[in-house]
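Chain and residue survey
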Amino acid sequence: MIKFLETISQSLNGLGFPALILLLGILEFSLGLYEKRWTKNERLLDIASFIFPPLVLAPVTAYFGLKFLPHAIPQYQNILSWVPFIWGFIIIAVADDLTQYWYHRLHHQVPFLWRFHRTHHSAPYMGMAMASRQNVIYTFLFSQIYLTTILVYMGLGYPAIFVRALKTLIVTFAHSSIKWDKPFYKYKILHPVAWVLERLISTPATHHAHHSSSTDDGVGYYKGNFGNMFFLWDVVFGTAHISRKYPKAYGISHYEGDEWYAQLLWPIFKSKKEGSELSHRGPVVRADIDQETGQEIKNVQQPDYQLATVVSINDLPAS
């Protein structure tokens, strides 16, 4: 069984991830799930984000990290190689995903950091491309890249292969516009499975809520649901919102289609959209726009900067 899983993991860590994304993309387009919102600017941004940050920047950073560590801390090389596979898997999974939860959460709660993460939320749609849609600097400073690199150097490289494969699958399908979790809410016999599943890992319902353009409908919740692979962190730290429904609109209410290169490389390149958070001398955080009136919504702007807000979890019946 381990050998079978190892083969799948190695495939995903090689050409498997691009192939998975391509297959999902074909399926999403064939079903018309982008609703003609994938403009030229959005396509360029999604493609550049897919190629450079995860397939170039992260691997190169890890490579040079593994070249540097033998000179910095030679005494710790393979020091954890004795750890059984299952414990190594747990250590890597927790270290990788828990650090990313806090890294992600801080980018929603610290005004200066928000603009580095804004790119991930600007798209008015959900899809497979969203999983890697990030500002380059946001990816470069990913805490878990360095922590995982150190743990691999210390002897946990084998479990890391499995963790990466599992995380790739969960995160990609959580961002996809294909609502694979819907049957778990529809059929009563599957409700116990749904209860566990939606509290353990990120699903389309919980993660789509995080990408909603509003929070006033009881479904969208960009002020929480920060978990990437594990939704469990949101449950533990009080930022979980479960509605078992999907938002009607995604993205940022005041988004005006900032140039793809500005979103990918801010602050090196600035947006030419006047008043944008990414423009020269633009606001650090801009207020949300009411889609019906066109007026700014005060005090509920994206993101929310109130730390440690406890959110109740609502188990709504399937509609």
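None of these values were measured; they are calculated from a predicted model. (Residues numbered from 1 in each chain as written. Predicted model: local features only at pLDDT ≥ 70, side-chain atom pairs only at ≥ 80, totals over all residues. Heavy atoms only, no water.)

What follows deals with the nonpolar core. Side chains of a nonpolar character, in soluble globular proteins, are inclined to be buried together. By size, the foremost hydrophobic cluster in this structure holds 21 residues, and its most contacted members are Leu80, Ile92, Leu151, Leu156, Val163, Met229 and Phe230. Considering each element in turn, this core owes the most residues, eight residues, to helix α6 (residues 143-175). Once residues within four sequence positions are removed from consideration, Met229 is found in contact with Ala93, Asp97, Val163, Leu166, Lys167, Ile170, Val171, Leu200, Ile201 and Ser202. With eight residues, the next largest nonpolar core counts Ala58, Tyr103, Ile145 and Leu278 among its residues. (Core = buried A, V, L, I, M, F, W, Y, C linked by side-chain atoms within 4.5 Å. Buried < 20%, exposed > 50% of the residue type's maximum accessible area, 1.4 Å probe, protein only. Helix = DSSP H or I, 4+ residues; strand = E, 2+ residues; numbered from the N terminus. Contact = heavy atoms within 4.5 Å.)

As a further point, take the confidence of the model for the chain. Overall, the prediction assigns the chain a mean pLDDT of 82, with 80% of residues at 70 or greater. When the criterion is pLDDT under 50, residues 299-319 qualifies, and its contacts beyond four places in sequence or with other chains add up to 62 contacts. (pLDDT = per-residue confidence, 0-100.)

Let's shift gears to helix α8 (residues 191-200). The set of residues buried in α8 consists of Ala194, Glu198 and Arg199. Looking straight down α8, one finds its buried side chains confined to an arc of 115 degrees; they lie on one side. Elements that come into contact with the buried residues of α8 comprise α7 (182-186), α9 (204-210) and α10 (232-237). (Arc of directions from axis to C-beta.)

Turning to the environment of His107, a few remarks are in order. Relative to the helices and strands, His107 resides in helix α3 (residues 85-109). When sequence neighbours within four positions are dropped, the list of residues in contact with His107 reads Leu113, Trp114, Phe116, His117 and Tyr138. A distance of 2.7 Å separates a polar atom in the side chain of His107 from the backbone oxygen of Tyr103. (Polar contact = N/O pair within 3.5 Å; in protein donor to acceptor, adjacent residues only side chain to side chain.)

Turning to the pattern of salt bridges, a few remarks are in order. Here the structure, examined in full by the defined rule, presents eight salt bridges. Asp258 is paired through a salt bridge with Arg118; the nearest N and O atoms lie 3.0 Å apart. Of this pair, Asp258 sits in the loop between α10 and α11 (260-265) while Arg118 sits in helix α4 (residues 111-121); the two residues are 140 residues apart in sequence, bridging distant segments of the chain. For Asp258, a relative accessible area of 1% translates into the label buried. Measuring nitrogen to oxygen at the nearest pair gives 3.0 Å for the salt bridge that ties Glu198 to Arg199. Neither Glu198 nor Arg199 differs from the other in exposure class; each is buried. Each of Glu42, Asp46 and Arg133 takes part in one network of salt bridges that share partners. (Salt bridge = Lys/Arg side-chain N within 4 Å of Asp/Glu carboxyl O.)

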